[in-house]
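Commentary on secondary and tertiary structure
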Amino acid sequence: MTLEQQTVRPPAQSRGAGNGGQQPRRRSRREEILEIAVGLFATRGYHGVSMDDIGAAAGVTGPALYHHFAGKEAMLVAALIPVSEQLLAGGKARIAEAADDPKTALAALVEFHVEFALANPAVIALHLHELDRLPEEPRRQIRRLQRLYVEEWVNTLTALRDGYLTDGEARVLAHAAFGLMNSTPFLGGEVDRARRAELLRAATLSALQG
């Protein structure tokens, strides 16, 4: 499966916050168009995709497409800001569930992020390659959310390895861990998803726990 075919999914919700057995909400037309745009941006690059390309792939005409989005820039903002918000909220929720047990919190953070990375390689590719296409204000907002998310990891690592890691050292390890987990856009399909998740979790925990 190519990046262009990947579904854009938000990070998994906090455990215990299920929908009571109800069927998942059906995606809106806007969400479907955004998914298609993200896949195209990830595979062809932001400048390699036109609004006409997105409309053709989504099966909508120009006026209908502009009813949902003002342009490509708006699509990029709509893809990246909610995901950054959801990552931060999900990370905080995993830590809160760990009840002041940093080892459990770290394992939960790793599991959470690995699942996100495996479900959203196209979004990760956008973060890596297209973030600078955004105007200053949304780009600044995304960077701030990312920094806050990193600090959740830093606080967990320093609590786990109290007296052994400074904040700066923990930040280095956290970014290294993201490099491992966010490698999913570059992974082929020769290893099944469950095994990829297992390998990414093990490699990340090994790097972080020393």
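Cut-offs and rules
- Residues numbered from 1 in each chain as written.
- Predicted model: local features only at pLDDT ≥ 70, side-chain atom pairs only at ≥ 80, totals over all residues.
- Heavy atoms only, no water.
- 1 Å grid on protein atoms, 1.4 Å probe; cavity = no way out; pocket = protein on both sides within 12 Å on 5 of 7 lines; lining within 4 Å.
- Points joined across faces, edges and corners; volume = space filled by probe spheres on them.
- Helix = DSSP H or I, 4+ residues; strand = E, 2+ residues; numbered from the N terminus.
- Salt bridge = Lys/Arg side-chain N within 4 Å of Asp/Glu carboxyl O.
- Buried < 20%, exposed > 50% of the residue type's maximum accessible area, 1.4 Å probe, protein only.
- Phe/Tyr/Trp six-rings, centres within 6.5 Å; stacked < 30°, edge-to-face > 60°.

**A word on the layout of surface pockets**
Estimates place the volume of the second largest pocket at around 470 Å³. What lines the second largest pocket is a set of 23 residues, among which His127, Arg143, Gln146, Phe178 and Asn182 lie closest to the centre. Of all the secondary structure elements, the ones that give two or more residues to the lining of the second largest pocket are helix H4 (72-97), helix H5 (102-119), helix H6 (121-129), helix H7 (136-160) and helix H8 (167-181). The biggest single contributor to the lining of the second largest pocket is H7, with 7 residues.

**Details of the pattern of salt bridges**
In the structure shown here, the tally under the stated rule is 7 salt bridges. Between arginine 195 and glutamate 198 there is a salt bridge whose closest N-O contact spans 3.1 Å. Of the two residues, arginine 195 and glutamate 198 both sit in helix H9 (residues 193-209), 3 residues apart, roughly one turn of that helix. The class of arginine 195 is partly exposed, set by a relative accessible area of 38%. Glutamate 198 sits in the partly exposed class, given a relative accessible area of 41%.

**A short note on the packing of aromatic side chains**
Per the counting criterion, the structure on display carries 4 aromatic pairs. With centroids separated by 5.7 Å and ring planes inclined at 20°, the aromatic side chains of tyrosine 149 and phenylalanine 178 adopt a geometry described as stacked. Of the two residues, tyrosine 149 is situated in helix H7 and phenylalanine 178 in helix H8; the sequence distance between them amounts to 29 residues. You can call tyrosine 149 buried: its relative accessible area is 4%. Ring geometry for tryptophan 153 versus phenylalanine 178: centroids 5.2 Å apart, planes at 70°, classification edge-to-face.

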